[in-house]
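Tertiary structure, described
Chain residues, written in single-letter form:
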Amino acid sequence: MSPPAYVSPHSGLDMMPYGFEESLRPKGIRKCDFPNGFIFGTATAAYQVEGAAFQGGKGTNIWDTFTRQPGKILNGSNGDVAVDQYNRYKEDIELMASMGFDAYRFSVSWSRIFPDGFGNSVNQEALLHYNDVIDALLDKGIQPFITLYHWDLPQALQDSFGGWLSREIVKHFARYAEVCFDAFGD
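Bear in mind that the values here come from a model prediction, so they are computed numbers and not experimental data.

Definitions and limits used
Residues numbered from 1 in each chain as written. Predicted model: local features only at pLDDT ≥ 70, side-chain atom pairs only at ≥ 80, totals over all residues. Heavy atoms only, no water. Core = buried A, V, L, I, M, F, W, Y, C linked by side-chain atoms within 4.5 Å. Buried < 20%, exposed > 50% of the residue type's maximum accessible area, 1.4 Å probe, protein only. Helix = DSSP H or I, 4+ residues; strand = E, 2+ residues; numbered from the N terminus. Patch = residues over 30% accessible without salt bridge, like charges linked within 9 Å, V, L, I, M, F, W, Y side chains within 5 Å. Areas by Shrake-Rupley, 256 points an atom, 1.4 Å probe, with all protein chains shown as cover. Salt bridge = Lys/Arg side-chain N within 4 Å of Asp/Glu carboxyl O. Lys, Arg positive; Asp, Glu negative; His and termini not counted. Charge placed at Lys NZ, Arg CZ, Asp CG, Glu CD. Polar contact = N/O pair within 3.5 Å; in protein donor to acceptor, adjacent residues only side chain to side chain. Contact = heavy atoms within 4.5 Å.

Ranked by internal contacts, the top residues of the largest apolar core, which has 28 residues, are Ile113 and Phe184. Mapped by element, the contributors of at least two residues to this core are helix 3 (85-98), strand 2 (103-107), helix 4 (110-113), helix 5 (124-139) and helix 7 (169-184).

Take a look at the structure:
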């Protein structure tokens, strides 16, 4: 059996796999072990952490729908609350800063920006929220990296023309991207 390439000493795992040689156990990693300019960060996806499924004018996305279908999720859980980062982002950013992270990659929820999916109206509360997150990160010296799409397509786009299976999606994504670039690109 081949040992894993690396097991974090902070992973909470106090036992190595069978056959793992003690001499291969990591002794600890420090920032100085990496080249200058290496960016240490963490990452999340909106659906997995934001929660607030019915707050701030958010529309329905494909995960909201999927997780409500009986038998699709083993324990019937969903992302309605998740870890409530929508309401607790300041605490989360404090934790990131205390851990010494340089960067945070997070996704913006398309259905939060465009509740109807199509962009007939832009949710100003959502733009303000994400700008507040970005400002809080910058205030702590943490570089924000935004992912525009992390598999939480607005349900209306899926229902109307099949979502990513249709070329129709391109113009809708382009509109969404333009709004995000304008709002967060400073």
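Structure shown, so let's carry the discussion forward.
Right, let's talk about the environment of glutamine 124 for a bit. When you line up the elements, glutamine 124 lands in helix 5. As for glutamine 124 and glycine 57, which are separated by 67 residues in sequence, their C-alpha atoms are 9.2 Å apart.

Attention now moves to a negative patch on the surface. Together, Asp132, Asp135, Asp139 and Asp186 make up a negatively charged patch on the protein surface. As for its position among the elements, aspartate 132 is in helix 5. Here aspartate 132 falls in the partly exposed class, since its relative accessible area comes to 31%.

Secondary-structure assignment places asparagine 61 in the loop between helix 1 (46-49) and helix 2 (62-66). Among the polar contacts made by the side chain of asparagine 61, one reaches the main-chain amide nitrogen of aspartate 64 at a distance of 2.9 Å. When sequence neighbours within four positions are dropped, the list of residues in contact with asparagine 61 reads Tyr47, Ser111, Asp152, Leu153, Pro154 and Gln155.

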